[in-house]
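Structural overview for review
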Amino acid sequence: NAGVTQTPKFQVLKTGQSMTLQCAQDMNHEYMSWYRQDPGMGLRLIHYSVGAGITDQGEVPNGYNVSRSTTEDFPLRLLSAAPSQTSVYFCASSYSRQGGYGYTFGSGTRLTVV
Amino acid sequence: SQQGEEDPQALSIQEGENATMNCSYKTSINNLQWYRQNSGRGLVHLILIRSNEREKHSGRLRVTLDTSKKSSSLLITASRAADTASYFCATPMIKAAGNKLTFGGGTRVLVKP
């Protein structure tokens, strides 16, 4: 089915390790973004992209890198994991970079950093 | 840059009752969106209402928007146990161009059978 696919669903990392969270969409959406969801803090925007080759920072970008080499894929890299990065991560995409369209969310990656 | 805040934070109702939750925001917007999140799952887009609209319906959902009061409400009529979820309003980020959304903290709705 069409949608946003995130892998892995669960991950445990040790402090200092690096990893990449994968996100892929098959709807030809221009806009893609990464959020983290923490109890009591809602969803916070990490990075976003308005098209292939174009990325920008959100509210909480420190410790994360992104790239968008294709329309379909938008991986999120944790450079050196810290316990503060324990969270649930969601990738979301939307039809247009211009706004006015709803987001399609992936099912999330639950990350624990020990 | 957080815009929207939902009220109440939690709501418990009996199956068949209506559930109403509110969202307040701070600055002018061109649209406001509502999402549902079931436990352990991603968010699902429910409805988008534009700033020139006052009310919108989708099945058992009714959304209103009052731009003068900078507030929106989501009404779920004839609730079912399957409506148990968290509900979030989302608005375009302050001073942001394009499609960046900010989400409120959500309303947790429990529908008891």
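Starting afresh in each chain, residues are numbered from 1 along the sequence in its written order. Here the convention is simple: chains get letters from A, ligands get numbers from 1, in the order in which they are written. Local features in a predicted model are, by the rule used here, given only for residues with pLDDT of at least 70; side-chain atom pairs are given and counted only at 80 or more, and totals for whole chains, interfaces and linings are based on all residues. Only heavy atoms go into the side-chain values, all of them from the structure, while hydrogens and water stay out.

1. Side note on the overall build of chain B
Threshold: The way it works is that DSSP assigns letters per residue, a run of H or I at least four long becomes a helix, a run of E at least two long becomes a strand, and they are numbered from the N terminus. In this treatment the radius of gyration is a C-alpha quantity, and the globule benchmark scales as 2.2 Å times the residue count to the 0.38 power. Relative accessible area decides the class of each residue, using a 1.4 Å probe on protein chains only: under 20% of the type maximum gives buried, over 50% gives exposed, and in between gives partly exposed. By definition in these notes, contact holds between two residues if any of their heavy atoms fall within 4.5 Å.
Tallying secondary structure elements over chain B gives 0 helices and 11 strands in all. The order of α-helices and β-strands along chain B, N terminus first, is β-β-β-β-β-β-β-β-β-β-β. Here the C-alpha atoms of chain B give a radius of gyration of 13 Å, agreeing with the 13 Å that 2.2 N^0.38 yields for 113 residues. C-alpha extents for chain B along the principal axes are approximately 45 × 30 × 20 Å. Here chain B holds 113 residues, and 46% of them are scored as buried. In chain B, once contacts between residues fewer than 6 apart in sequence are set aside, the share between residues at least 24 apart is 54%.

2. Let's talk about the nonpolar core
Residue and element names in this part refer to chain B. Basically, it comes down to this: Residues enter a nonpolar core if they are buried and are Ala, Val, Leu, Ile, Met, Phe, Trp, Tyr or Cys, with the set joined through side-chain atoms within 4.5 Å.
Membership of the largest hydrophobic core comes to 22 residues, with the highest contact counts inside it found for Met21, Leu32, Trp34, Leu46, Leu74 and Tyr87. Of all the secondary-structure elements, those providing two or more residues to this core are β2 (10-14), β3 (19-24), β4 (31-37), β5 (43-50), β7 (61-66), β8 (71-76), β9 (85-92) and β11 (107-112). Ignoring anything within four residues of it in the chain, the contact list for leucine 32 reads Cys23, Tyr25, Ile47, Leu48, Ile49, Leu65, Ser72, Cys89, Ala90 and Thr91.

3. Considering the layout of surface pockets
Threshold: Definitions used throughout: a 1 Å grid over protein atoms alone; a cavity as a set of points that fits a 1.4 Å probe which cannot get out; a pocket as an open set with protein on both sides within 12 Å along at least five of seven lines; a lining residue as one with an atom within 4 Å of a point. Grid points are joined across faces, edges and corners, and a volume is the space filled by probe spheres set on the points. Any residue that is not Ala, Val, Leu, Ile, Met, Phe, Trp, Tyr, Cys, Pro, Asp, Glu, Lys or Arg is counted as polar, Gly included; the first ten are nonpolar and the last four charged.
Estimates place the volume of the largest pocket at around 790 Å³. At the level of elements, β4 (31-38), β9 (87-94) and β11 (109-113) of chain A together with β1 (5-7) and β9 of chain B are the ones that each hand at least two residues to the lining of the largest pocket. Its residues assigned to classes, the lining of the largest pocket shows 7 nonpolar, 17 polar and 7 charged.

4. As for the sheet that holds β1(B)
Residues and elements named next belong to chain B. Spelled out, the test is: Only strands joined by at least two bridges in the DSSP assignment are considered to pair. Whenever a helix is involved, its axis is fitted only over the stretch in contact; in every case the axis is a line through C-alpha atoms, and angles between N-to-C directions fall within 0 to 180 degrees.
Read from one edge to the other, the open sheet built from 5 strands follows the order β1-β3-β8-β7-β6, with strand pairing classed as antiparallel. Each edge of the open sheet carries a strand with a single partner, namely β1 and β6 (55-58). Here the average twist between neighbouring strands, direction ignored, is 20 degrees. The pairing of β7 with β8 spans 6 bridges and is antiparallel. Residue pairing across strands places threonine 64 opposite serine 73, the latter belonging to β8.

5. A few points about the pairing of strand β3 (residues 19-25) of chain A
All names here are of chain A. Here β3 shows a buried face lined by Met19, Leu21, Cys23 and Gln25 and an unburied face lined by Thr20, Gln22 and Ala24. In this sheet, β3 lies alongside strand β1 (residues 4-7) in antiparallel orientation, the contact comprising 4 bridges. Bridging from a neighbouring strand, threonine 5 pairs with alanine 24 of β3. The sheet contact formed by β3 and strand β8 (residues 76-78) spans 3 bridges and is antiparallel. Paired with methionine 19 across the bridge in β8 is leucine 78.

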